[in-house]
Amino acid sequence: MAFVHRIGARSHAFADLKDLMAKATPPRSGDMLAGIAAASAEENVAAKMCLAEVPLKTFLSEALVPYEQDEVTRLILDGHDPVAFAPVSALTIGDFRDFLLSEQATPEVLAGLAKGLTPEMVAAVSKLMRNQDLILVAKKCRVVTRFRNTIGLPGTTAVRLQPNHPTDDAAGVSSTILDGLLYGCGDAVIGINPASDSLPVIDRLLRLMDEVIRRFDIPTQSCVLTHVTSSIALMNRGAPVDLVFQSIAGTEGANRSFGVDLNVLQEGYDAARALNRGTVGQNAMYFETGQGSALSAGAHHGVDQQTLEARAYAVARKYEPLLVNTVVGFIGPEYLYDGKQIIRAGLEDHFCGKLLGVPLGVDVCYTNHAEADQDDMDTLLTLLGAAGVTYIMGIPGADDVMLNYQSTSFHDALYIREVLGLKRAPEFEAWLERMGITDPSGRLLPASGAHPLLGFVREQAA
Amino acid sequence: MIDRDPWQSFARYTPARIALGRTGASLPTAEVLRFSLAHAQARDAVHMPFDAATVEGEIRALGFDTLRVESAAPARDVYLRRPDLGRRLSDESRARLSARDAAPVDLALVVADGLSAAAIHAQTAPFLAALKPWIEKEGWSVAPVALAAQARVALGDEVGERLKARALVVLVGERPGLSSPDSLGLYLTLNPHVGRSDAERNCISNVRAEGLSHPLAAFKLAWHIREALRLGLTGVGLKDESDLLLIDGSPPAALPDLT
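Residues numbered from 1 in each chain as written. Chains lettered and ligands numbered in written order. Predicted model: local features only at pLDDT ≥ 70, side-chain atom pairs only at ≥ 80, totals over all residues. Heavy atoms only, no water.

### A closer look at the overall build of chain A
Logical step 1: Each helix and strand in chain A was counted, giving 22 helices and 14 strands.
Logical step 2: Rg of the C-alpha trace for chain A: 22 Å, near the compact-globule value of 23 Å for 462 residues, within the 12% margin.
Logical step 3: Seen through its C-alpha atoms, chain A measures out along the principal axes to roughly 75 × 45 × 45 Å.
Logical step 4: Going through the 462 residues of chain A one by one, you find that 65% of them count as buried.
Logical step 5: A sequence separation of at least 24 residues applies to 77% of the contacts in chain A between residues at least 6 apart. (Helix = DSSP H or I, 4+ residues; strand = E, 2+ residues; numbered from the N terminus. Rg over C-alpha atoms; globule rule 2.2 N^0.38 Å. Buried < 20%, exposed > 50% of the residue type's maximum accessible area, 1.4 Å probe, protein only. Contact = heavy atoms within 4.5 Å.)

### Some remarks on the overall build of chain B
Logical step 1: The number of helices and strands found in chain B is eight helices and six strands.
Logical step 2: Reading the secondary structure of chain B in the N-to-C direction produces α-α-β-α-α-α-β-α-β-α-β-β-β-α.
Logical step 3: Each principal axis of the C-alpha atoms in chain B carries an extent, and together these give about 70 × 50 × 35 Å.
Logical step 4: Across the 259 residues in chain B, those meeting the buried criterion constitute 55%.
Logical step 5: If you take every contact in chain B between residues at least 6 apart in sequence, the share linking residues at least 24 apart comes to 69%.
Logical step 6: When the accessible area of chain B is evaluated, it comes to approximately 10,800 Å², of which 53% is carbon and sulfur surface. (Areas by Shrake-Rupley, 256 points an atom, 1.4 Å probe, with all protein chains shown as cover.)

### What to know about the pattern of salt bridges
Residue and element names in this part refer to chain A.
Logical step 1: Across all of its chains, the model carries 45 salt bridges over all chains by this definition.
Logical step 2: One salt bridge in this structure joins Asp 203 and Arg 207, with 3.0 Å as the shortest N-O distance. Remark: Arg 207 and Asp 203 occur in helix H12 (residues 199-215); sequence separation between them is four residues, near one turn of the helix.
Logical step 3: Look at Asp 203 and you get buried, because its relative accessible area is 19%.
Logical step 4: In this structure, Glu 418 and Arg 443 form a salt bridge, with 2.8 Å as the shortest nitrogen-oxygen distance. Within this pair, whereas Glu 418 is found in helix H20 (residues 410-420), its partner Arg 443 is found in the loop between helix H21 (426-434) and helix H22 (452-461), the two being separated by 25 residues in sequence.
Logical step 5: Among the ionic contacts, a cluster of salt bridges with common partners joins Arg 148, Asp 210, Arg 214, Asp 242 and Arg 277. (Salt bridge = Lys/Arg side-chain N within 4 Å of Asp/Glu carboxyl O.)

### Topic: the packing of aromatic side chains
Think of a pair of aromatic rings as described by two things: how far the centres are apart, and how the planes are tilted against each other in angle.
Logical step 1: Applying the stated criterion to the full structure yields 12 aromatic pairs over all chains.
Logical step 2: Following the ring pairs from residue to residue traces out a cluster consisting of Tyr183(A), Phe410(A) and Trp7(B).
Logical step 3: For the cation-ring pair, Arg81(B) lies above Tyr337(A), with the distance from its terminal atom to the ring centre recorded as 4.0 Å.
Logical step 4: The residue whose ring lies beneath Arg152(B) is Tyr79(B), and the NZ or CZ to ring-centre distance is 4.7 Å. (Phe/Tyr/Trp six-rings, centres within 6.5 Å; stacked < 30°, edge-to-face > 60°. Lys NZ or Arg CZ within 6 Å of the ring centre and 35° of its normal.)

### Some details on the state of the cysteines
Residues and elements named next belong to chain A.
Logical step 1: Across all of its chains, the model carries zero disulfides over all chains by this definition.
Logical step 2: Cys 141 provides the cysteine sulfur closest to Cys 352, a residue in no disulfide bond, and the two sulfurs are 10 Å apart.
Logical step 3: Note on Cys 352: relative accessible area 1%, which makes it buried. (Disulfide = S-S within 2.5 Å.)

### What about the interface of chain B and chain A?
Put simply, an interface is often sized by how much accessible area is lost when its parts join up.
Logical step 1: On the chain A side, the residues contacting the 54 residues of chain B number 65 residues.
Logical step 2: Of the roughly 4,500 Å² buried between chain B and chain A on both sides combined, carbon and sulfur atoms contribute 57%.
Logical step 3: Our count for the chain B to chain A interface comes out at four salt bridges.
Logical step 4: Here Arg17(B) makes a salt bridge to Asp399(A), at a shortest N to O gap of 2.7 Å.
Logical step 5: Between chain B and chain A we count 22 residue pairs in polar contact (both at pLDDT 80 or more) in total.
Logical step 6: Secondary structure elements with two or more residues in the side of chain B that touches chain A: helix H1 (29-46), helix H3 (76-81), helix H4 (83-86) and strand E6 (201-207) of chain B.
Logical step 7: Top element by residues in the side of chain B that touches chain A is H1(B). It accounts for five residues.
Logical step 8: Partitioning the side of chain B that touches chain A into residue classes produces 24 nonpolar, 12 polar and 18 charged. (Buried area = accessible area lost by both parts, 1.4 Å probe. Polar contact = N/O pair within 3.5 Å; in protein donor to acceptor, adjacent residues only side chain to side chain. Nonpolar A, V, L, I, M, F, W, Y, C, P; charged D, E, K, R; others polar.)

### Quick notes on the UniProt feature "binding site: adenosylcob(III)alamin" (unreviewed entry) in chain A
Logical step 1: Per the UniProt record, the feature "binding site: adenosylcob(III)alamin" (unreviewed entry) sits at Pro194(A), Gln246(A), Ser296(A) and Met402(A). What stands out for the annotated residues spanning 209 residues is how far apart their C-alpha atoms range, the widest pair being 22.5 Å apart.
Logical step 2: Looking at the element boundaries, Gln246(A) is found in strand E8 (residues 244-247).
Logical step 3: Residue classification places Gln246(A) among the buried residues on the basis of a relative accessible area of 3%.
Logical step 4: Beyond its immediate sequence surroundings of up to four residues, Gln246(A) is in contact with Thr226(A), His227(A), Val228(A), Phe258(A), Val260(A), Leu265(A), Tyr286(A), Phe287(A) and Glu288(A).
Logical step 5: Engagement of the side chain of Gln246(A) in a polar contact is seen with the backbone nitrogen of Val228(A), the distance being 2.8 Å.
Logical step 6: Summarising the element assignment, Ser296(A) is placed in helix H16 (residues 293-296).
Logical step 7: Beyond its immediate stretch of four places on either side in the chain, Ser296(A) contacts Tyr335(A) and Arg87(B). (UniProt positions renumbered as here; feature names shortened; annotations may be inferred.)

### Some thoughts on the nonpolar core
Logical step 1: Judged by nonpolar contacts, the single largest core of 163 residues is most densely connected at Phe96(A) and Phe351(A).
Logical step 2: A total of nine residues in this core trace back to one element, the largest contributor, which is H12(A).
Logical step 3: Sequence-distant contacts of Phe351(A), defined by excluding residues within four places in its chain, comprise Leu100(A), Val122(A), Val125(A), Ser126(A), Met129(A), Leu134(A), Val137(A) and Ala138(A).
Logical step 4: Counting 40 residues, the second-largest nonpolar core is a separate cluster that includes Val169(B), Leu186(B), Val207(B) and Ala228(B). (Core = buried A, V, L, I, M, F, W, Y, C linked by side-chain atoms within 4.5 Å.)

### Remarks on the UniProt feature "binding site: adenosylcob(III)alamin" (unreviewed entry) in chain B
Logical step 1: Feature annotation in UniProt assigns "binding site: adenosylcob(III)alamin" (unreviewed entry) to the following positions: Val153(B), Glu174(B) and Cys203(B). Taken together, the annotated residues stretch across 51 residues yet fold into one region, lying no more than 11.5 Å apart by C-alpha.
Logical step 2: Relative to the elements of secondary structure, Glu174(B) occurs in the loop between strand E4 (165-173) and strand E5 (184-190).
Logical step 3: Assessed through its relative accessible area of 14%, Glu174(B) is described here as buried.
Logical step 4: Locating Cys203(B) in the fold gives a position in strand E6.
Logical step 5: Of the residues examined, Cys203(B) reaches a relative accessible area of 30% and is grouped as partly exposed.
Logical step 6: Residue contacts for Cys203(B): discarding those within four places in its chain leaves Asp197(A), Leu186(B) and Tyr187(B).

### Some words on the packing of helix H2 (residues 52-61) of chain B against helix H6 (residues 117-138) of chain B
Relative placement of two packed helices is described by the angle separating their axes and the distance separating the axes.
All names here are of chain B.
Logical step 1: Running from amino to carboxyl end, H2 crosses H6 at an angle of 10°, the nearest separation of the two axes being 9 Å. Compared by their axis directions, H2 and H6 come out roughly parallel. Contact with H2, carried on its side by Val 55, Glu 58 and Ile 59, involves Ile 120, His 121, Thr 124, Ala 125 and Leu 128 of H6 and no other residues of that element.
Logical step 2: For the contact of H2 with H6, the class distribution of residues is five nonpolar, two polar and one charged. (Axes fitted to C-alpha atoms, helices over the stretch in contact; angles between N-to-C directions. Parallel < 35°, antiparallel > 145°, perpendicular 65-115°, else oblique.)

### A look at the UniProt feature "binding site: substrate" (unreviewed entry) in chain A
All names here are of chain A.
Logical step 1: In this numbering, the UniProt entry assigns the feature "binding site: substrate" (unreviewed entry) to Arg 160, Leu 161, Gln 162, Asn 193, Glu 288 and Asp 363.
Logical step 2: Locating Leu 161 in the fold gives a position in strand E5 (residues 158-161).
Logical step 3: What makes Leu 161 buried here is its relative accessible area of 0%.
Logical step 4: For Leu 161, the contacting residues outside a window of four places in its chain are Thr 176, Ile 177, Gly 180, Leu 181, Cys 185, Gly 186, Val 189, Ile 190, Gly 191, Gly 394 and Phe 410.
Logical step 5: Residue position: Asp 363 is located in strand E11 (residues 360-363).
Logical step 6: For Asp 363, a relative accessible area of 1% corresponds to the buried category.
Logical step 7: Not counting chain neighbours up to four residues away, the residues in contact with Asp 363 comprise Gln 162, Asn 325, Thr 326, Val 327, Val 328, Gly 329, Met 393, Tyr 405 and Ser 407.

Put into C-alpha cells, the structure is as follows:
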C-alpha cells in the first residue's frame, strides 16, 4: 500500500510501509548507505507525520520482511498475542506515543502489553519520539531476569566485567577480573570475548571463571562469547557453561550470515537449561545485537536498520535471555557516523528492547574510525542511566585491548552510580560488602594489598 | 588525593589498563591525558596512506611474485563511509585480473590495507616469512600475492576467484585499537567467489609481536588451510583445534601426517 502526505503545495509519496518507516527514521549513515533514507529534512518530517496516522494494527497485516521468506517474520506474527494487544489495538502510531507517555501507561500496564507488541510497532513509535521520550518510557519498563543474581530491579544497573586479553592468557584475564571485582563490577556477567576460536582455549577460560566464581562464592555468572555451536560442543564435553552466547540479527538471512537459525538457538537454549546451573533463576542466554548487521550481511530487505534491530529483540525474547545488549557504536561509521547518531541509536535500541520485554543493556561504545570520542560516551551513558539501562560494559580504562574499540570503564560504572544513585544487583552488592570491597552504602573502600582475590591472580601467574 | 591500587604489579600480565587508581569515582588526570593521546594516535593510524610499493618490495624479497589491485573506493573518506566500494574491485583492476591467463592454484594471498595501513606495513613481511616454510612443507601452489589498496576482506573473494584459487587468505589491517594501532587479521575462505558470507570464513586475529606472534599465527593458518582443503569447508563448521598440537606453547615442526 502506498502512502502520501501533503505539506503545503508539496506532496510526499511513499511506496509502501517499509519505505515510509525508512524515511521517517532520524538520519543515519547506514540507511543512506542502503539508499533508503529520506532525501531531505522535510521528507523526513513528512514521513513521520504520515506514519503518525498509520494504525498500529497495520503491522499485523503488512509484513515489512515477507512472511514466506523469513522465519523471523513468522516468529513475530505467529507469536503475536492479540489479548495483550487489545488495549492499544485501536490506536494509531501517533496515539500510541501519547499513550506511552501518559500516566495511564504504568510499569504494570507496559509489562502486560509487551507480548502484544511487534518490533515493527515499537520501532515505528520510536521514530516519532524525541530522546527524552525514549528515556521516559524506557524508565517505566520493568524487565527482571535471574541466574545467580537478580538483574533489572528498579534503581539498579548491572555491569558486565569484560576481561578480554589479546592472547587469552590466564594471568592476564585473571588480573582484569580482579581489577573489575575490586572496582565493584561484574554483577551482570563476567564475559570474555576470546581472541581464539579454539575449543581447548575456550574450555580453559570457562574453567578459570568457574573456579573464581566458586572459590569466592560470587553471586554472578560467566560466559565466553563464542558461537552457539561451540558452546554446545563444549557443554557436550562437560565444560562449565553458565550462559550461552550468540550474536543475532533481525532477519533470517542476517542470522544465517552469523551461522545460526532459530533451531540452532533453540538447541543452545535447551542445552543450557538442562545444565541447570542457575541458583535463583534459569535465564541462561546472552545475546548481542547492533544496528546495521543485516545490511552488512546483505540481508536487509530494504528495511531501515533500526527496525531490523528491534526485530532482533523478538528473536532474543523467545529464549528468555538473562542479558541482551546492543553493541551500539561497534559496527562503524558507515552505519552510525558520529556521536550524535550513536547516542540516538543507543536510546532507541534500549527503548525498543525494554518495551518488548527484553533485558536490554547497552555497550556504550565507538571505534577509532568513527567521529566520536569519550565525551559522547559520557553523554550516552548518563542518558541511559536515567533511562534505567539493564547493564553496561565494564572494561579497564574503557579500552578493549582485544576487540580494539572503546566502551565504558569500571570508573564509568562508579561515576553513574555516584551521579544517579544506582545500585548493583542486590546479591552482588551484598557480596562486595561481605568481601570488604565496598561500604554499606556501596561506595568503594580503600583497596587492600592483602585481599584474597590477589592470591588467585598470583596462582594463575605461577 | 589519588587512591592507588595495590595490584599495580599485575599490570605486567596484560596490556589492559588495569590498576589505574582513582580520585573518588574518577580517573586520575594523568590517565585521562594518556588515554586522549592514544585515541589521537589511533585516529591518525586510520587515515595513514598505504605504502604499497615498499611492502611489495619486501614481499618480492621473500621470493613471492606480486600484483597490485585497487578497490572501487576512490579516496579514504569515501572508503570509510562506503564499505561496499571497499569490497569491490575497481573496473580497471578487474579488467587487469581478467586478462591474466592463470592456471588453478591451491592458495591465493591478498594483502589488504583495511583500516590500518600501519598494520600492513609492520606485519606483512615478517608474517609471510613465517608462513613460507609451511607452504613449502605442504607443497601448496600459490598465486602472485595481491596487494590491494582501500580494500576490505570481501574484496579478496573476487581476487581469489579470478586467480582460480582453491583457498583464499586475506591479510588485512585490523581496526586500530588504542593499544594496538598495527594489528593484522587473517581470513581464510575456501572456494572464494563473490558473495561469500563471513560465516563461511575462519578468522585469526591480533597478529603482531605483542599479540599472536608471527610463528604461531603462521602455524595456525597452515593448520586451518590443510583442514579446510581436507574437509572441503571453512567457516563455523571448521573448529580450531590447532592448539592441541602445540608443544609447550610452540608450533610443532610439521603438521601431523594424514592417515
